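What follows is the residue order along each chain.
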Amino acid sequence: MNILALVVLAVVVLIFIALRIKAGTGNSGDVWPFYAKKPLTHPEQVLYFRLKDALPDHMILAQVQLSRFLGVRKDANSRAWKNRINRMSVDFLVCEKDAGIVAAVELDDRSHDRPDRREADGKKEKALGSAKVRLIRWNAKDIPNIARIREVILHHEVLSPSTLTTTVIARDAELP
């Protein structure tokens, strides 16, 4: 009777393994359901190349997680504070050649009008403002030209905490 139970158990396990492999959820060399896609939308690509042209002496990084450039003070609960910015990113991070941060840039489309996105944008703005990282927002329907990008990003005024977030809407959005 014990042998019969072992045989039935072995058959059930084999059926389970076969079903998992057929469904593509096994981990033993199966092809996972991923495909390559462009990391930047068309408007983000336009802005990326304009940023590069406008700021040739700077590093332009795209889709950067906040956790890559925001640290947590030692006297704070690091894990709890990092969880607040978990999976948040900026569209672009403009840096000096030594990787010092000049500004974060967001390209907002109509999805930023949704309540959940407004809440997430508020958290992002608070985190960046606390770290004294200047945030520049441009509307995706009105991408600035190279001259306007230089004017806004290379503007070296001392930013007070109330002006750390700068919403800029360019009026001259010709495509390259």
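Quick summary incoming for the structure in this document. Since the model is a prediction, treat every value here as computed from it, not as a measurement.

Our next topic: the pattern of salt bridges. Here the structure, examined in full by the defined rule, presents seven salt bridges. With its nearest N and O atoms 3.6 Å apart, the salt bridge here joins Arg137 to Asp121. One end of the pair, Arg137, is in strand β4 (residues 135-139); the other, Asp121, is in helix α4 (residues 115-130), and 16 residues separate them in sequence. A relative accessible area of 5% means that Arg137 is categorised as buried. One salt bridge in this structure joins Arg148 and Glu151, with 2.6 Å as the shortest N-O distance. Of this pair, Arg148 and Glu151 are both found in helix α5 (residues 146-153), three residues apart, which corresponds to roughly one turn of the helix. Salt bridges linked by common partners bring Asp108, Asp121, Glu125 and Arg137 together as one network.

Ranked by internal contacts, the top residues of the largest apolar core, which has 20 residues, are Leu47, Leu51, Leu55, Val105, Trp138, Ile149 and Ile153. Mapped onto this core, the elements with two or more residues apiece are α2 (42-54), β2 (89-95), β3 (101-108), β4 and α5. Of the residues forming this core, the biggest block, five residues, is contributed by α2. What Leu55 contacts, discounting residues up to four positions off in sequence, is Ile60, Val94, Ile149, Ile153 and Leu154. Phe69, Leu93, Ala104 and Ala127 belong to the second largest nonpolar core, which has 14 residues in total.

Moving on to a nonpolar patch on the surface. Nonpolar side chains collect at one region of the surface, where Leu6, Leu9, Val13, Leu14, Phe16 and Ile17 lie side by side and expose about 600 Å² of accessible area between them. Position of Leu6 relative to the elements: it lies in helix α1 (residues 2-23).

We describe a pair of aromatic rings using the distance from one ring centre to the other and the angle between the two ring planes. If you walk through the whole model with that rule in mind, you get three aromatic pairs. Judged by centre distance (6.1 Å) and plane angle (45°), the ring pair of Trp32 and Phe34 falls under tilted. In this structure Phe34 comes out as exposed when scored by relative accessible area, which is 66%. When the ring of Tyr48 is compared with that of Phe49, the centres are 5.1 Å apart and the planes differ by 80°; the resulting orientation is edge-to-face.

Cut-offs used in this document
Residues numbered from 1 in each chain as written. Predicted model: local features only at pLDDT ≥ 70, side-chain atom pairs only at ≥ 80, totals over all residues. Heavy atoms only, no water. Salt bridge = Lys/Arg side-chain N within 4 Å of Asp/Glu carboxyl O. Helix = DSSP H or I, 4+ residues; strand = E, 2+ residues; numbered from the N terminus. Buried < 20%, exposed > 50% of the residue type's maximum accessible area, 1.4 Å probe, protein only. Core = buried A, V, L, I, M, F, W, Y, C linked by side-chain atoms within 4.5 Å. Contact = heavy atoms within 4.5 Å. Patch = residues over 30% accessible without salt bridge, like charges linked within 9 Å, V, L, I, M, F, W, Y side chains within 5 Å. Areas by Shrake-Rupley, 256 points an atom, 1.4 Å probe, with all protein chains shown as cover. Phe/Tyr/Trp six-rings, centres within 6.5 Å; stacked < 30°, edge-to-face > 60°.

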